[in-house]
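The residues making up each chain are set out below.
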Amino acid sequence: MSEIPAAGPGGAASPRLLLRRLRQALAAPGDGQQRLNQIVTLIARSMAAEVCSVYLMRGQDILQLSATEGLKPEAVHTAQLKVGEGLVGVIAQQGRAVVTANAREHPEFRYLPETGEEIYSSFLGVPIQKLGKTLGVLVVQNERPVSYSEEDNEALALVAMVIAEMAEAGTLIPRGTFGDDQENREPIHITGQGAADGVAIGPAHLHEPKLLLPNPIADDVVAERVRLREALDKLRADIDEMLNEETILEGGEHRDVLETYRMFANDPGWLRKLEEFIATGLTAEAAVDAARTEARAKLNRSPDPYLRERFNDLDDIAQRLLRRLIDPDKTGNQPEPGAILFARALGPGELMDYPRGVLAGIVLEEGSISSHAAIVARALDIPLVVQALNVTRDVDTGDTVIVNGDQGHIHLRPRDDVVTAYEEKLSLRLQEKESFNALRELPAESLDGTRVKLYMNGGLAADLPSLNQSGAEGVGLLRTELHFMLNKAMPTREQQAGFYSHVLEKADTRPVNFRTLDIGSDKVLSYLKQPREENPALGWRAIRIGLDRPVVLRMQLQALLRAAKGRNLRVMFPMVAALLEFEKARAMLLEEVERLEEDAKPASLKIGAMLETPSLAFAQDRFFETADFISIGGNDLMQFFFAADRANEKTAGRYEVTHPAFLSLIRMIVERCEKAGTELSFCGEAAGRPLDALALASMGITALSMRPASVGPVKRAIRAANLADLRKVAEGAENEGVRVKQALIGYCMENLIPI
Ligand code: PEP
Ligand code: MG
């Protein structure tokens, strides 16, 4: 490839000069197409290029010539390429510039005859992208073989950035400019993992709203520099203030995050980059965003997990800085009723911050089925899909979306026929719900006469109406920590007692298993100091905190007793790993009972434990004899039994309830409880999955506690099954080394058991 030094191109194209001209040109009124035309004309002139063209994405994989100076005008809006096709397609696909002095000899060259581009030999193209999303490609071409300079490349990349910002803000290319279909706004179907059943159709709502930059080109570079410095000072001061807050002083995860933010806010490399972008003529906010986009482009080329983490931190800090630069009033963030929430990740507390009843569905890019946010979503009966890759990039607030939590599908901006099909599905679900209502008063009794008790899991006042609606026979697990997580400060004894009393009233004669505070791991109380731990799931959590810092546990026990005055009370302790722990916690409760006047005592008191660690299954007989009842917390028990993190999607799928090793453990616990005459139930998520519930019931667990919406489907399955036969099938498969789950599914299908 012969390279001749540039005569025209290169010299004229100082990035700053180009931006200044662009600002002047765009200040004049005009529609999107006129602006695009102005941009290409101006770039061609400034860079002494014979051709300048903008190709924009239409749909997911088509690039269309949308404006040109130099190519045949009739090719505009007709000439198009697929992503990956030709030099333009490769730039879009790889998200990086291509430069050559002899385009025709380039291996990726593909000639579009309708444009008349065959005579142009030199080619420089850059992607138009915003945070990893390619919106189009910007190209200059020259007839003679010239080598474009680094400065040309930079200038073009800068203009591409401005086009991207304006395209996003809709100021350059209003939606629908190019005909009926909305370019880049076409339907997208994404598959993630269903984490809470149900289907919802509604408007999208972004948990972290996208910030639209009003005008990316600066009027006054000095003023922008001042704005950036002021915003950075404010950001640093806010971070320092947060770090000095009392709850953060002791360390912990929050502190680490803030320390990382502080490091970025003072990082000379990042600050230099921002200054450089401002020096070229971008506004402060456009400079912050340009630095983000550049970092994302680098990340896309190197999918190293460490870099990804770093980028996430940088992205968060950039977002915080942008919020200080852009008028917050323009980014109001209240979801409308029936909205579908989109977030990268979401903690259970953040989810509960949304007003009850407003969210109709949730979609997360990260997260897992067993995380506590997923549990809260299921408790609130909100369909949830997790692991929906890049979804927050592709969706905009207000887009119509469908969430299918049963199968993990998300449809962004669905076609009418897809909406109709889903509306049909929704109405079928409604009918199914009605058929479950018909089962409400009937017992969950198997064909061979085993009566299984079905309870519900809950934790919020909003859950309680479900007791009547679902036909649950009581609350098998009341996660008291959810009430704590809803509060901004530690609820007082009176507040707690008020809530527990409300629960007992609503439950009426039905039993409620109050589980004492189960915090730690991914359940964080912002107002309670927690040490930083390498392995929080295996760390200082639940009853361990309760016994080591008894003030909180004692106060909760007092509140429970106060609420239960003259009524029946059932209390269970979470994450008990040894007999001694149970005895200590039990003694504390009995001490509190002793302190009460006779008429302030509960009518009856049952003290139980959650069996969530393998060690407790092997505890001394005395444990099984002392506990009034035991509830197997299958979520934690399985993660510890299989050494596979429940909140990590990569490992959470590595086990199942019907694994022979786990079924053996279950049989052993059942036998030990039968021998000691101790009530046994199972309250992990598996209890609400009909097939797993059948497997557990067939192994002798005759009390299952689940989210309210599962009571109907589980009851329907039990009433259609012969549990003794199911056990034979499971054990037969175990002996033959066949996958038990598969054998059970086969049996259920043959015998028309709805699972
Ligand atoms: C469990 O571990 O199974 C359980 C019910 O407790 P949680 O999910 O709240 O940890
Ligand atoms: Mg648990």
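Conventions and cut-offs
- Residues numbered from 1 in each chain as written.
- Chains lettered and ligands numbered in written order.
- Predicted model: local features only at pLDDT ≥ 70, side-chain atom pairs only at ≥ 80, totals over all residues.
- Heavy atoms only, no water.
- Phe/Tyr/Trp six-rings, centres within 6.5 Å; stacked < 30°, edge-to-face > 60°.
- Helix = DSSP H or I, 4+ residues; strand = E, 2+ residues; numbered from the N terminus.
- Buried < 20%, exposed > 50% of the residue type's maximum accessible area, 1.4 Å probe, protein only.
- Lys NZ or Arg CZ within 6 Å of the ring centre and 35° of its normal.
- Expected span 1.5 Å × (residues − 1).
- Arc of directions from axis to C-beta.
- Pairing = 2+ DSSP bridges.
- Axes fitted to C-alpha atoms, helices over the stretch in contact; angles between N-to-C directions.
- Contact = heavy atoms within 4.5 Å.
- Donors = N, O, S within 2.8 Å, 3.2 Å for Na, K, Ca; no water.
- Near = heavy atom within 4 Å.
- Polar contact = N/O pair within 3.5 Å; in protein donor to acceptor, adjacent residues only side chain to side chain.
- Areas by Shrake-Rupley, 256 points an atom, 1.4 Å probe, with all protein chains shown as cover.
- Nonpolar A, V, L, I, M, F, W, Y, C, P; charged D, E, K, R; others polar.
- Salt bridge = Lys/Arg side-chain N within 4 Å of Asp/Glu carboxyl O.
- pLDDT = per-residue confidence, 0-100.
- Domains from an automatic or database assignment.

Student: What is the right way to look at the packing of aromatic side chains in this model?
Tutor: Two aromatic rings are characterised by how far apart their centres lie and by the angle between their planes. Tallied over the entire structure, the rule returns nine aromatic pairs. Each ring, one from Phe582 and one from Phe623, has its centre 5.5 Å from the other, and the planes form 90°; the classification is edge-to-face. Separated by 41 residues along the polypeptide, Phe582 in helix H20 (residues 579–594) and Phe623 in helix H22 (residues 621–626) bring together distant segments of the chain. The pair formed by Phe582 and Phe623 is uniform in burial state, with each residue classed as buried. When the centroid spacing of 5.1 Å and the interplanar angle of 75° are considered together, the rings of Phe623 and Phe624 count as edge-to-face. An identical accessibility class is assigned to Phe623 and Phe624; each is buried. Counting every residue linked through ring pairs, the aromatic cluster contains Phe573, Phe582, Phe623 and Phe624. Positioned above the aromatic ring of Phe629 is the side chain of Arg570, whose terminal nitrogen or guanidinium carbon lies 4.3 Å from the ring centre.

Student: Got a minute to help me understand helix H8 (residues 268–279) in this structure?
Tutor: In an α-helix, one turn spans 3.6 residues, which is why side chains three or four residues apart end up on the same side. For H8, with 12 residues, the first-to-last C-alpha span of 16 Å sits near the 16 Å given by 1.5 Å per residue. Those residues of H8 that fall on the buried side of the exposure criterion are Trp270, Leu274, Phe277 and Ile278. Taken end-on, H8 shows its buried residues confined to a sector of 100°, consistent with a single buried face. Opposite the packed face of H8, turned more than 90 degrees from it, sit the exposed residues Pro268 and Arg272. Where H8 ends, the next residue or the one after it, Gly281, has phi of about 115°, a positive value.

Student: Where do I start with the sheet that holds strand E9 (residues 199–206) in this structure?
Tutor: The strands making up a sheet associate through hydrogen bonds between their backbones, and the pairing can be parallel or antiparallel. Reading across the sheet, the eight strands line up as E7-E14-E13-E9-E10-E11-E12-E8 and stay open at both edges, with mixed pairing between neighbours. Single-partner strands in this sheet number two, and they are strand E7 (188–191) and strand E8 (193–196). Averaged over all pairs of adjacent strands, the angle between their axes in this sheet comes to 30°, without regard to strand direction. Here E9 pairs with strand E13 (residues 400–404) via five bridges, running antiparallel. What sits directly across from Pro203, in E13, is Thr400. Contacting E8, strand E11 (359–364) and strand E12 (384–386), helix H12 (residues 372–379) runs over the sheet at an angle of about 60° to E8. Most of the contacts of helix H14 (residues 416–439) go to E9, to which it runs at about 120°, and overall it touches E9, E13 and strand E14 (409–412).

Student: Explain the coordination of the magnesium ion (ligand 2) here, please?
Tutor: Ideal values differ by geometry: the angle at a metal is 109.5 degrees with four tetrahedral donors, but 90 or 180 degrees with six octahedral donors. The coordination sphere of the magnesium ion (ligand 2) contains the protein donors Glu612 (OE) and Asp636 (OD), at a distance range of 2.0 to 2.1 Å. Taken as a pair, Glu612 in the loop between strand E20 (604–611) and helix H21 (614–617) and Asp636 in helix H23 (residues 634–641) lie far apart in primary sequence, 24 residues in all. Pair check on accessibility: Glu612 and Asp636 agree, each one buried.

Student: Is there a simple way to explain the pairing of E14 in this structure?
Tutor: Side-chain direction in a regular strand flips from residue to residue, so the side chains alternate between the two faces of the sheet. Taken together, the four bridges between E7 and E14 define a ladder with antiparallel strand orientation. Of the residues in E14, the one forming a bridge with Thr191 is His409. Once E13 ends, the chain turns through four residues before running back antiparallel as E14, passing Gly408 with a positive phi of about 80°.

Student: Honestly, the site of ligand 1 in this entry has me stumped. Any pointers?
Tutor: Taken together, 16 residues surround ligand 1, and among them Arg479, Arg515, Glu612, Asn635 and Arg646 come closest. Arg515 is positioned such that a nitrogen or oxygen atom in its side chain is 2.8 Å from an oxygen atom of ligand 1. In this structure, Asn635 approaches ligand 1 through a main-chain N or O atom, which is 2.7 Å from an oxygen atom. Computed on the free molecule, ligand 1 has an accessible area of 290 Å², of which 100% lies beneath the protein chains in the complex. Elements that contribute at least two residues to the shell around ligand 1 include exactly H12, strand E17 (475–479) and H23. Among the elements that make up the shell around ligand 1, the one with the highest residue count is H23 (three residues). By residue class, the composition of the shell around ligand 1 is four nonpolar, five polar and seven charged.

Student: What exactly am I supposed to notice about the pattern of salt bridges here?
Tutor: Where charged atoms from two side chains of opposite charge come close, those side chains can pair. Here the structure, examined in full by the defined rule, presents 46 salt bridges. Between Asp725 and Lys728 there is a salt bridge, with the nearest N and O atoms lying 3.8 Å from each other. Taken as a pair, Asp725 and Lys728 lie in helix H28 (residues 723–736) at a separation of three residues, close to a single helical turn. A relative accessible area of 58% places Lys728 in the exposed class. One salt-bridge network, held together by shared partners, links Glu481, Arg515, Asp518, Arg541, Asp636 and Arg646.

Student: Looking at this structure, I do not really get the sheet that holds strand E6 (residues 133–142). What am I missing?
Tutor: Read from one edge of the open sheet, six strands run E3-E2-E1-E6-E5-E4, paired in antiparallel fashion. Each edge of the sheet is formed by a strand with only one pairing partner; in this case those strands are strand E3 (80–82) and strand E4 (98–100). Each neighbouring strand pair of the sheet contributes to a mean axis angle of 20°, computed without reference to strand direction. Two strands pair when backbone bridges link them, and E4 and strand E5 (residues 122–130) are joined in this way by three bridges, in the antiparallel orientation. Paired with Thr100 across the strands is Phe123, a residue of E5. Where helix H2 (residues 32–46) meets the sheet, it contacts strand E1 (51–58), strand E2 (62–69) and E6, and its direction lies at approximately 65° from that of E2.

Student: Just checking my understanding: could you explain the confidence of the model for the chain for this structure?
Tutor: Parts of the prediction with low pLDDT should not have their coordinates interpreted in detail. Residues of the chain with pLDDT of at least 70 account for 91%, and the chain-wide mean is 87. For the stretch residues 1–12, pLDDT sits under 50, and the model shows 28 contacts to residues farther than four places along the chain or on other chains.

Student: Looking at this structure, I do not really get the domain arrangement of the chain. What am I missing?
Tutor: The parts lose accessible area when they come together, and the size of an interface is often stated as this lost area. Per the domain assignment, the segments making up the chain are domain 1 (15–183), domain 2 (187–209 + 333–429), domain 3 (221–331) and domain 4 (439–750). On a C-alpha basis, the centroid separation for the pair domain 3 and domain 4 is 43 Å.

Student: How do you make sense of H2 when you look at a structure like this?
Tutor: For H2, which comprises 15 residues, the first-to-last C-alpha distance of 21 Å matches the rise-based estimate of 21 Å (1.5 Å per residue) to within 8%. Burial analysis of H2 places 11 of its 15 residues in the buried class, the great majority of the element. Immediately downstream of H2, the backbone of Ala48 shows phi near 50°, a positive value.

Student: How do you make sense of the environment of Ala462 when you look at a structure like this?
Tutor: Tracing the backbone shows Ala462 in the loop between strand E16 (451–458) and helix H15 (465–470). Sequence separation of Ala462 and Val385 is 77 residues, and the distance between their C-alpha atoms is 22 Å.

Student: What am I meant to see in unusual backbone geometry here?
Tutor: For Asp381, which is not glycine, the phi torsion reads 60° and is therefore positive. Following the sequence through the fold, Asp381 ends up in the loop between H12 and E12. Among the residues examined, Asp381 registers a relative accessible area of 38% and is labelled partly exposed. Although it is not a glycine, Gln387 sits at a positive phi angle of roughly 60°. Note that Gln387 resides in the loop between E12 and helix H13 (391–394). Residue Gln387 is classed as partly exposed on the basis of its relative accessible area of 30%.

Student: What is the right way to read the pairing of E2 from this model?
Tutor: Burial analysis of E2 places seven of its eight residues in the buried class, the great majority of the element. Where E1 meets E2, seven bridges bridge the pair, whose relative direction is antiparallel. Within E2, the position partnered with Ser53 by the bridge is Thr68. Hairpin connection of E1 to E2: three residues between the antiparallel strands, including Gly59 at a positive phi of 70°. As paired elements, E2 and E3 share three bridges and run antiparallel to each other.

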